[in-house]
Amino acid sequence: MHPALSVILFTTLSGAGYGLAFVLALGHGNPGALSTKIAWFVALALIAIGLISSTFHLGNPQRAWRAFSQWRTSWLSREGVMAVLTFIPLTLLAAMSVFNDSFHIGLGYLGGIMCAITVYCTAMIYGSMRTVATWHTGWTAASYLAFSLTTGTAIYLTAFGPAAGSDSNVIWIWLAIVFIAIAWLIKYMWVRRGQAVGFGESTMESATGLGGIGKVRLLERPHMMGNYLTNEMAFRIARKHESKLWRIALVLGVILPIALFVLAIALPSANLFFSGVATLSLLAGVFLERWLFFATARHAVGLYYGGDEALVPAE
Amino acid sequence: MADREIELSEPLGEKHSTTCYMCACRCGINVYLKPGENGEKSVRYIEGNRDHPVNQGVLCAKGSAGIMQHYSPARLKAPMIRVGPRGSGEFKEISWEEALQTAVDWMGPLKEDPKKLAFFTGRDQSQSLTSWWAQQFGTPNYAAHGGFCSVNMAAAGIYTIGGAFWEFGSPDWERTKLFVMFGVAEDHDSNPIKIGIGKLKKNGGRFVSVNPVRTGYSAVADNWLGIRPGTDGLLILSVIHELFRTRQIDLDYLIRYSNAPFLVIDAPGTAQHGLIARDKNGVELIWDSAKKKAVPHTTKGVVPNLTAEVSVTQGRKKVKARPVFTLLAEEYSKAEYAPEAIAPQTGIAAETIRGLAAEIAHVAFQEEITIEQEWVDMKGEKHDRFIGRPVSMHAMRGISAHSNGFQTCRALHVLQVLIGSVDCPGGFRCKPSYPKPYTAHPKPHARNAKGDTGPLAGPHLGYPHGPEDLALDDDGNPLRIDKAFTWDAPLSAHGMMHMVIANAHAGDPYKIDTLFMYMANMAWNSSMNTRGVIDMLTDKTEDGDYVIPHIIYSDAYNSEMVSYSDLILPDTTYLERHDCISLLDRPCSEPEAVVDSIRWPVVEPNRDVRGFQSVVLDLGARLGLPGMVNEDGSAKFKDYADYMVNHERKPGIGPLAGYRGKDGDKAGRGEPNPDQLERYKENGSFSMTHLPEDALFFKHANKSYQDFAVDMGFFDAPQPVTFNLYLEVLQKFRLAAQGHGDVQPPDRLRGRIETTFNPLPTWYAPFEGADLGERTEKEFPYHALTQRPMAMYHSWGSQNAWLRQIHTKNPLYVPSAICDAKGLEDGDWAWVTSWHGKIKVEIARMEAVNDHTMWTWNAIGKRRGAWALDKDAPEATKGFLLNHLMNELLPPRKDGYRWANSDPITGQAAWYDLRVNIEKAEAGAEVSEPVIPAQKTSDKSPNEIRYGLEWTK
Amino acid sequence: MTSLPTQTNKKLGLVIDLDTCVGCHACVINCKEWNTSGYGTALSDQDPYGANPVGAWLNRIHTFEVTPMAHSAKPRGQGVGEVIGTAGEARVVHFPKSCLHCEDAPCVTVCPTGASYKREEDGIVLVDEDKCIGCGLCAWGCAYGAREMDAAAGVMKKCTLCIDRIYNEELEEIDRQPACVRTCPAGARHFGDLADPNSDVSVLVKERGGFDLMPEQGTKPVNKYLPPRARTDLGVGRSFEAAEESTENADGLLGWIDRALSGTTRSKGAR
Ligand SMILES: Nc1nc2c(c(=O)[nH]1)N[C@H]1C(S)=C(S)[C@@H](COP(=O)(O)OP(=O)(O)OC[C@H]3O[C@@H](n4cnc5c(=O)[nH]c(N)nc54)[C@H](O)[C@@H]3O)O[C@H]1N2
Ligand SMILES: Nc1nc2c(c(=O)[nH]1)N[C@H]1C(S)=C(S)[C@@H](COP(=O)(O)OP(=O)(O)OC[C@H]3O[C@@H](n4cnc5c(=O)[nH]c(N)nc54)[C@H](O)[C@@H]3O)O[C@H]1N2
Ligand code: SF4
Ligand code: SF4
Ligand code: SF4
Ligand code: SF4
Ligand code: SF4
Ligand SMILES: [Mo]
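Residues numbered from 1 in each chain as written. Chains lettered and ligands numbered in written order. Predicted model: local features only at pLDDT ≥ 70, side-chain atom pairs only at ≥ 80, totals over all residues. Heavy atoms only, no water.

**Focus: the overall build of chain A**
Where we set the bar: Numbering goes from the N terminus for both helices and strands, where a helix is a DSSP run of H or I of at least four residues and a strand is a run of E of at least two. It is over C-alpha atoms that the radius of gyration is taken, and the globule rule equals 2.2 Å times the number of residues to the power 0.38. Categorising residues by exposure relies on relative accessible area from a 1.4 Å probe, with only protein chains included: less than 20% of the type maximum marks a residue as buried, more than 50% marks it as exposed, and the intermediate range marks it as partly exposed. Accessible surface is estimated by sampling points in the Shrake-Rupley manner with a 1.4 Å probe; for residues, cover comes only from the protein chains shown. Under this rule, positive means Lys or Arg and negative means Asp or Glu; His and the chain ends count for nothing. Here the site of a charge means atom NZ of a Lys, CZ of an Arg, CG of an Asp or CD of a Glu.
Helix and strand counts for chain A come out as 11 helices and three strands. If you list the helices and strands of chain A from N to C, you get α-α-α-α-α-α-α-β-α-β-α-α-α-β. The C-alpha radius of gyration of chain A comes to 21 Å, within 12% of the 20 Å expected for a compact globule of 315 residues. By the burial criterion, 57% of the 315 residues in chain A qualify as buried. Carbon and sulfur atoms make up 72% of the accessible area of chain A, which amounts to about 12,300 Å² in all. Side chains of chain A carry 19 positive and 12 negative charges; the gap between the two charge centres is 2 Å.

Structure below.
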C-alpha cells in the first residue's frame, strides 16, 4: 500500500494524543499543575492535528461531516464518531483542569475508555480490510493500542509527569520501557505473521480463476504507466530495503529509547534531556513503523498487477 | 429501504451516421452531437451502427476513441510553409491561396516532364481519385502504400483465385467449422474478424492459429502453431503433401474450376517449355479421356484427364504435355515436403502438421454442408445445391511480409482450391466486385498516351501478364521512380512506395523535382532504416539545395513526416470531410452484398483546414488537368462531394454505386443523382445491394452472379475465374531469365528469377537470413517482429489521450529461453543488433512465443516533439521502432549489387525477414536509442482533460 | 445507507468469456467514452499528453500468461480426453475486469459516508458522488481493483453497469445494455440477471462452468467468468490414411486418380 504521509501523521500523532489523554484521564498529573494543563492541551492538539491531517487525503474534505453517518458498518465512520464523542469527556476534563484545577474520576474513566475505543476504531479501519491480509488480524489493533499507550506514556513522563508532581519518575520510566517492549513484541508478532501471510489466501491463480490451467503470471498491464490502483495499492519496497528500514525502526523505536531512558534514570541531572531524546526517538521509530505498516502491506489488487513480481517499486 | 432516485434517461443528442476512419476497416458509426458549454456542438458519443454490414453495431477501441482523435491537440491548424531547415519543425502559417499557388508553382512546370513529379499516397481510401489525378497529370510515378503493406497477399490472391483476403473476401463465418489463420495480429478487417471469431466459438467451430506469437486472436485459438518466421510456405506445402498422400482432394472441384487439367508443355530448353498449350484461338487445352484428344477447356461434355502424358500440336510442332495436376502431384509428393522433413525448419512437430492436414481433410470432406438452392454455372449446367467444404482460411502480413511471401500466399490459395473451399458455403467467400481474374484487371501503364506529356495511357497499377508488360523504357531502364514493374519486382501490382525516397535521393533511375505525399509517415514508421531515410530527406547537394528539391505533404496531424516537408496542406479529421469508399477502389462489400459508403462533415472544421480530396481537385483544376476543368478552364468540380456525385468513369458508372439514376433507384449503373449524398446519409451513409440467392456462392463460375456483376457495372461482360494452381505468368518470366524472348532481365537477376519464379508454389529461405550465410546463425540467430496493437493505428494513436494510456511505450518481448541464455530479466535494457543497425530497448519476458522470435508492438516509438506530446513522453524516451534495424536494401552481394529487401516477385517489403541478436545493456540511462533530436512545435497540450464534464451534473 | 440489502430483487451483472476475449480494449474505451459524460462526473485524465499520463477508467484489460503444469490440466467441469493446455506450453489469457457488483460488497460497508451503496432493486453497486468525500477506503476494501478515484473531482468512480443505459428510455430497447457489452466485437461480454436461473447469462454460467474471482474473499461477486474451453489436439480421432495403398510417390496417387475419375474408386469430389 502507498504510505501516504497524511495517514501516517494522523495515526501516529492522534495515537500519541490519545495515549497521553488516556494517561491523564486515568487521573495522573495534578490537575492544578500548569504542566497538566499544558498536557491536556497538547493531548487535544495532537488528536486534532492528527484528525485534521487525515482529511488532507480526502478528495472532498468539505463534505467530511458526512463521514459520521455510517457508524453502523464503517470503521472509519465509527472512528470519526468516536473521535468527536471522545472530545466531550476529554474537553470537559481539560476544562476542569485548566479552569477549576479539578478532576473527576468517573468522567476520567469514561474518557480513558473512549480514547482506547477510538484508537481501536482507527486500527480497525485497517484491521478489518480482508483485502490486505497483513492487516487483517487482531495484532493490528493490539499494536495500534500498544503504540498509542507507549507514545502517550513517554510524552507524559518526559514533558509533564515530573513537573505535574506525578509519582516517581523512575517508575514511569520503567513503565515506559515495559510498554516499549510490549508494543514491539506485539509488532514482532504482527511482522512475523505479515511476512508469512503475504497476499493471504488469494493468489494470482485465484484472482484470475485460471489456476486450474496452471501457473499464472502477468504479461501486460492494462495501461502501460501507473494508475490510481497501482499508485495506491501496488506499492512495494524491495525486500532488502524493507529489512533495513525495520532495523532502523528498531534502533529508533526500541534500542535508543530504552538506552536513553536507562541513562535518564542513571543520570537524574540530565533526566529531561535523555527522556526527551528517548521520546523523540521513539516517536520517530513509531513513525517509521507506521510507514512500514503501509508500505509492506500487500493489497489483493496487486495480484492483478503481477503480485510481488511486478508491483510498483519504491524509488 | 427504497433505492435512491437517480436521473437515468438523459437524451444523447443529435444522431448522425457516417463511416469511421480510425482505421481502414470502414465501420459504420453513429455520432451523437450535443451543445457544449459554448453552445457549439461537440461529440457526445460514438457508437457502432447496428445496421451497418461491416461492423453490425460493434466498435473497436480506436473507433470508440474517435472523440480524442477529433479533438487532438496535434491537429494541424492551417497551411504551412517551412522556414527552418528540413526536420526542424519550424514552419510559418500561410493562407490557402498562397499554399495552393506555391504548389502550382512547383508542379506546373513539371507538366513538361511529368515524371519529375512523384505522387504517393499512404493509407489512402480515395485511390480511384488520386490515381486518376496522377494519370491525368501524366506522371508514371504514382502508387499508394500497398507495396510495403501486403501486396504479396493481394497479388497472389488475384493471380491465383481472382480474389484475396480482407477487402476481397472473408471466411463464411456463419457456416465455417474449421478456421485456420496464418500470421494475423489484427488486420484491416478488424471488427469483422472479431465478430467472426465470436460466431465460430459460439457455433463450436475450431480455430487454428499459425503465428510465432500467441497474443490477440492467437490467444483464443484452439490450437496454436508457434511457427518459426518465414517458414509457413513449408508448412502449407507439407499439408498439401499429406492431402496428396492420403488422396484428400476435391477432384471434381479442381476439374470444374481450376486449371488442374490444363496441359503444360514439356519441352525443356525451348521457349515454350512450361507454357500452357493452347489452340489456335489461344484457348487453353485439356485432354479428353473419352475422345483421347486435346480439346479447348471450354468444350462441353468432356471427361478431362488429370494424369495423362500426351502429345499436342502447338503451332506446327508436336510437343509433349502434361496436365497441371500431374505436375502438382509430382512436386508435392516429394519427400522433401513430408512432415518429418520440414518439422526442424518450421519448429512444428510432424505429428502436428499431420494433425492439421487430417483436420482440414476431415472437416472438408466428412463434414460437408449443403445449401439447397438451384444455380447455374457458366457452362450452363444446372446444380440443385451449393456444396460447402466448411474449412476457411485467412492470412495477412505474417506470411506476406517476407521475401518468400508471394509464393507462400500462393501456396495457401492452392491449398484452399485443392480442398474445394473457395467461394463455397463454409469456406472462403469473395466480396463483390470480386472475384475478378487477373486478366480482367488493367495492366500497368507508365507511358503517356501521346508523346512525353499529357495523360498516361492507362492506370498506373495493374497485373502484368508477362515481361512485355513491364514498365521499362526502350533501353530496359525503369520508367518509374520506385522501379515497380521492373525485373527487380515484375508483379509489383501496388507499386513500391518504400523505394521512392531512397531512389529519388540516389537519382536512380532519375532525379525528380517534387515529391507529393499524402497520409504516410514516411520519415518514421512506414520506412525501413528510419534514420537513413531522415538523412536522405535532409541531404543537400553541393549547391546547398536539398537533393529532393520539393516535398509537399498532406497530413491531418503533426506527425514526424510533417517536419521533413516543405509545404503542408492540412487535412480535416474524418468527422469533418467528405470521403467515398468506392467500388472503383477498395470495396467494402460483404460476401452477400455489394456495399459502398461515404463520410460527410458531421462537424464543421474549426481550423483553416480543407479535405485533401477537395484540395487535389482544386490543384487539378489550377493545373488544368483534363477531366478536372471545363472547356472555359474553370474548375469542373466544386469539391470532392461534387465529384463523388457527378464524376463518371464510364457513362453511368461513378464513384458511388448506390442511389444512382434521376430517382435514385438504380444500383451500379445509372445517371448521376443530385440527391445521392442525402440518400446515403438517410441510409446510415452506406448503400447495400444484395446478391440474388442463386448468386451467393461459386461466384467465379456462377452465371447468375456474373450477370449481376455485369448489371452492376463491375465488368462489361462476364469474367469467370479459373483458379490458377499453375501460374503461367511466372513461367514466362522464368523463360525470359533463361534467355527466351525479347524483353530480357539483367544478368545479375537471372539466377534469382529462375529459382523464385516457380509457376507452382514453392519455398525458399527468406533473403536476409540466406544472404548473411554463416553469419546468420552465429551473429543473428533470432527473429524480430512487430505486431499491430489492436488499440492503436500505426503512428496516429499516440496523440489520442485515451489510447496512449494503453500503449505509452513498447517493451521488446523476449522468449524466456533467450532471456535465460542471455541473463535478461523483465525490465532490463538490452542492445538489439542486426547486420544494419543497433537499438537499445527495454525488454519483457514472455513464454507463449516461438523460442527464436522476439517481438514488439508496431509504431509506438515517436520522435520527440511530434504528435503534440511532451518531449519526455515515454513514447519518445522509452518507446522504439524496430525499423532502425532494417534496411530497404540487403547487404551487397558478391557482384557488389544490393538486392531490395523485398519479395523478388512483387517487391513487397520484407519487414519480417529481420534477423537479430540481443545482449544485456550496461547499466545506464534507461532511454531507448537511437535518440533523434526533437522537432520544434507550437502545439499546446492541456495538462488535464475532463471530457464531457459539461454534460454531467 | 452503507448497510447492504439483505437480498436484491435482481442480480444484474456481466458474464465474461475468457475463451473469446481477444484483448482488444474496445470495451475499455467505449466504457470511458460513454461514462465520461454519463452518470456522475467526467472521467478525467491527468498529464494526458505528458510523461506520465494517467486517467480514471472503469474497466481495464489485463493480460496473463498461464503455463500448464501437467499435460491435461483441465479447468472446472470440462470433459475427459480434452486438454486445456500442454505442459510447459504457455498460453495467453486476456482478462477484462470491472466492478463485479458483489453481493457482500466490502466497498459498501467500509464507506463512511453512505455514498457507496448497493441497490436493492437490481444489485447494482453505485457511488452517490454528491456524498463521496474521496477517502478512498472503498477502493482499499475492493479486492478486485474495481474502483478508481477521479483525481480532478476527488470522488470515487466505478462501473455503474451503465445504469444510465440499461434503464434509459431515450435509447431504443435493444440498446439498453451496457456500453461495453454492446461494443464488444467478439461477443465476449454478456449482460443479464444472474438471479434468474433461466436467463441467458445464468444458462451460460451453468453450461460453461462460470466461476467467481477470489471466492476466498467472501464477496460473492455477481459477475462471472467463463474459463477457456478445453480443446483437442489437431487430428485427434481423425482417421487419416489413404483409402487405398498408401504409397508416398506420385505414381501411386496418379493411378488412384485415374481410377477415381473413371468411376471405379470413390473420389473426394465425385457427386
Ligand atoms: N517495423 C514495422 N514497420 C512497418 C510495418 C510493420 O509491420 N513493422 N508495417 C508497414 C505497413 S503494412 C504499413 S501500411 C505502414 C503504415 O505506415 P503509414 O502509412 O506511415 O501509417 P501511419 O503511421 O498511420 O501514417 C499515416 C499518416 O497519415 C496521417 N493521417 C491520419 N489521418 C489522416 C487524415 O485524415 N488525413 C491525412 N491527410 N493524413 C492523416 C497520420 O497523421 C500519419 O502521419 O507501416 C509499415 N511499417
Ligand atoms: N489496430 C490496428 N489495426 C490495423 C493496423 C494498425 O496499425 N492497428 N494496421 C493495418 C494495416 S496497414 C495492416 S497492413 C494490417 C496488418 O494486419 P496483420 O497482418 O494482422 O498485421 P501485423 O501486425 O503485421 O501481424 C502480423 C502477424 O504475423 C505474425 N508473423 C510474423 N511473421 C510470421 C511468419 O513468418 N509466419 C506466421 N504465421 N506469422 C508471422 C506476427 O506475429 C503477427 O501476429 O492491419 C491493419 N489493421
Ligand atoms: S475497426 Fe475500429 S477504427 Fe477501424 S473503422 Fe472499425 S471502428 Fe473504426
Ligand atoms: S471488447 Fe470484448 S474482446 Fe475486446 S477486450 Fe473487451 S471483452 Fe475482450
Ligand atoms: S468488485 Fe469491488 S467495487 Fe465492485 S462490488 Fe465488489 S468489492 Fe465493490
Ligand atoms: S471514497 Fe467515497 S465512496 Fe469510497 S468510501 Fe470514501 S466516501 Fe465512500
Ligand atoms: S457496464 Fe458500463 S460502466 Fe461497467 S464496465 Fe461496462 S461500460 Fe463500463
Ligand atoms: Mo499495411
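Anyway, onward from the coordinates.
**Concerning the interface of chain A and chain B**
Quick note on the threshold: Any two residues whose heavy atoms approach within 4.5 Å are treated as being in contact. Defined here as a combined quantity, buried area equals the accessible surface (1.4 Å probe) lost by two parts on assembly, summed across both. The salt bridge criterion pairs a side-chain nitrogen of Lys or Arg with a carboxyl oxygen of Asp or Glu, the two atoms within 4 Å.
On the chain B side, the residues contacting the seven residues of chain A number 13 residues. Taken as a group, A:Arg217, A:Leu219 and A:Met224 account for 57% of the area that chain A buries against chain B, more than any other trio of residues on that side. Linking chain A with chain B are one salt bridge. For the salt bridge of B:Asp826 with A:Arg217, the shortest nitrogen-to-oxygen distance reads 3.3 Å.

**Here's the deal with the nonpolar core**
Quick note on the threshold: Within this scheme, the nonpolar core is defined by two criteria: the residues are buried Ala, Val, Leu, Ile, Met, Phe, Trp, Tyr or Cys, and they are joined through side-chain atoms within 4.5 Å.
Residues A:Trp135, B:Trp133, B:Phe325 and B:Ile918 are the most contacted members of the largest nonpolar core, which totals 456 residues. Those residues in contact with A:Trp135 that sit more than four places away from it in its chain are A:Met1, A:Tyr126, A:Gly127, A:Met129, A:Thr140, A:Trp190, A:Phe293, A:Phe294, A:Ala297 and C:Trp140. The next biggest cluster of nonpolar side chains, apart from the first, holds 11 residues, and it includes B:Leu285, B:Trp287, B:Ala308 and B:Val310.

**Some thoughts on the environment of B:Gly652**
Residues and elements named next belong to chain B. Within the element layout of this structure, Gly-652 appears in the loop between α20 (640-646) and α21 (676-682). The sequence separation of Gly-652 and Pro-672 amounts to 20 residues, and the corresponding C-alpha distance is 7.1 Å. Beyond its immediate stretch of four places on either side in the chain, Gly-652 contacts Arg-660, Gly-668, Arg-669 and Gly-670.

**Brief notes about the site of ligand 6**
To be explicit about the condition: Any residue with a non-hydrogen atom lying within 4 Å of a molecule or strand is treated as near it. Classification used: nonpolar for Ala, Val, Leu, Ile, Met, Phe, Trp, Tyr, Cys and Pro, charged for Asp, Glu, Lys and Arg, polar for all others including Gly.
Near ligand 6, the surroundings consist of C:Cys111, C:Pro112, C:Thr113, C:Ala115, C:Ser116, C:Cys132, C:Ile133, C:Gly134, C:Cys135, C:Gly136, C:Cys138 and C:Met156. Along the lines of polarity and charge, the residues of the shell around ligand 6 split into eight nonpolar, four polar and no charged.

**Observations regarding helix α24 (residues 747-756) of chain B**
Residue and element names in this part refer to chain B. This is how the line gets drawn: To be clear, the arc concerns the directions from the helix axis to the C-beta atoms.
Among all positions of α24, only Leu-749, Arg-752, Ile-753 and Thr-756 are buried. Along the axis of α24, the buried residues cluster in a sector spanning 105 degrees; they form a single face. For α24, exposure combined with an orientation more than 90 degrees from the buried face picks out Asp-747 and Thr-755.

**Observations regarding the sheet that holds strand β12 (residues 263-265) of chain B**
Paired through their backbone hydrogen bonds, the strands of a sheet run either parallel or antiparallel. Residue and element names in this part refer to chain B. Definition in use: For two strands to count as paired, DSSP must find a minimum of two bridges between them. Axes here refer to lines fitted to C-alpha atoms; in helices the fit is confined to the stretch in contact. Angles between the N-to-C directions go from 0 to 180 degrees.
With respect to topology, three strands assemble into an open sheet ordered β12-β16-β15, the strand pairing being antiparallel. Lying at the two open borders of the sheet, with one neighbouring strand each, are β12 and β15 (310-314). Here the average twist between neighbouring strands, direction ignored, is 50 degrees. Pairing geometry for β15 and strand β16 (residues 317-323), over five bridges, is antiparallel. Paired with Gln-314 across the strands is Lys-317, a residue of β16. Here helix α11 (residues 324-332) sits on the sheet and contacts β12 and β16; the angle it forms with β16, its principal contact strand, is near 55 degrees.

**Topic: the sheet that holds strand β1 (residues 214-220) of chain A**
One open sheet accounts for three strands, arranged β1(A)-β4(C)-β5(C); its pairing is antiparallel. The outermost strands of the open sheet, each flanked by one partner alone, are β1 of chain A together with β5 (91-98) of chain C. The sheet shows a mean angle of 35 degrees between the axes of neighbouring strands, taken without regard to direction. Sheet topology note: the strand β4 (residues 59-68) of chain C/β5(C) ladder contains eight bridges and is antiparallel.

**Thoughts on a negative patch on the surface**
For clarity, the threshold we go by: Residues forming no salt bridge and having over 30% relative accessible area are the ones grouped into patches, like charges within 9 Å of each other and nonpolar side chains (Val, Leu, Ile, Met, Phe, Trp, Tyr) within 5 Å.
A grouping of B:Glu7, B:Glu10, C:Glu169 and C:Glu170 is seen on the molecular surface, where their side chains present a negatively charged patch. Mapping C:Glu169 onto the fold places it in the loop between α4 (163-166) and α5 (179-183). Taking the relative accessible area as the measure of exposure, C:Glu169 reaches 62% and is therefore exposed.

**With respect to the pattern of salt bridges**
Counted by the stated rule, this structure contains 83 salt bridges over all chains. For C:Asp175, the salt bridge goes to B:Arg50, with nearest N and O atoms at 2.6 Å. Of this pair, C:Asp175 sits in the loop between α4 and α5 while B:Arg50 sits in the loop between β3 (41-48) and α1 (61-64), which puts the two residues in different chains. Look at C:Asp175 and you get buried, because its relative accessible area is 8%. Here B:Arg50 falls in the partly exposed class, since its relative accessible area comes to 28%. The partner of B:Arg915 in a salt bridge is B:Glu777, with the nearest N and O atoms 3.5 Å apart.

**A few points about the packing of aromatic side chains**
Residues and elements named next belong to chain B. Applicable threshold: Under the pairing criterion, centres of Phe, Tyr and Trp rings, with the six-membered ring standing for Trp, must be within 6.5 Å; the plane angle then separates stacked pairs below 30 degrees from edge-to-face pairs above 60, leaving the rest tilted.
Within the structure shown, the criterion is met by 65 aromatic pairs over all chains. With 4.7 Å between their ring centres and 85 degrees between their planes, Trp-855 and Trp-857 make a pair best called edge-to-face. Residue Trp-855 shares its accessibility class with Trp-857, and that shared class is buried. Residues Tyr-947 and Trp-951 carry aromatic rings whose centres are separated by 6.0 Å and whose planes lie at 75 degrees to one another, so their mutual orientation is edge-to-face.

**Section: the domain arrangement of chain B**
Residue and element names in this part refer to chain B. Our working rule: Bear in mind that the domain bounds are from an automatic or database domain assignment. A 3.5 Å cut-off defines polar contacts: any pair of N or O atoms within that distance qualifies, except that in protein one atom must be a possible hydrogen donor and the other a possible acceptor, and neighbouring residues in sequence count only when both atoms are side-chain atoms.
Each assigned domain of chain B is listed here: domain 1 (1-59) and domain 2 (768-920). With centres defined by C-alpha atoms, the gap from domain 1 to domain 2 works out at 37 Å. Contacts between domain 1 and domain 2 engage four residues on the former and four residues on the latter. Summed over both sides, the interface of domain 1 with domain 2 buries roughly 290 Å², with 70% coming from carbon and sulfur. Together, Tyr-21, Met-22 and Cys-23 form the three largest contributors to the area buried by domain 1 at its contact with domain 2, with a combined 87%. On the surface where domain 1 and domain 2 come into contact, there are zero salt bridges. Joining domain 1 to domain 2, the criterion identifies zero residue pairs in polar contact (both at pLDDT 80 or more). Looking at the side of domain 1 that touches domain 2 residue by residue, the classes come out as four nonpolar, no polar and no charged.

**Some remarks on the interface of chain B and chain C**
Listed by partner, the interface residues are 106 residues for chain B and 101 residues for chain C. At the boundary of chain B with chain C, total buried surface from both sides reaches about 8,700 Å², with 54% on carbon and sulfur atoms. Of all residues in chain B, B:Arg4, B:Arg50 and B:Arg247 bury the most surface against chain C, accounting for 11% of the area lost on that side. Our enumeration of links across chain B and chain C arrives at five salt bridges. As a salt-bridge pair, B:Lys201 and C:Asp19 come within 3.2 Å of each other at their nearest N and O atoms. The interface formed by chain B and chain C holds 36 residue pairs in polar contact (both at pLDDT 80 or more) in total. When residues of the side of chain B that touches chain C are assigned to their parent elements, the largest contribution, 10 residues, is made by helix α13 (residues 350-366) of chain B.

**Comments concerning a nonpolar patch on the surface**
Judged by side-chain polarity, A:Leu26, A:Ile105 and A:Tyr109 come together as a nonpolar surface patch covering roughly 280 Å² of accessible area. Secondary-structure assignment places A:Tyr109 in helix α4 (residues 105-127).

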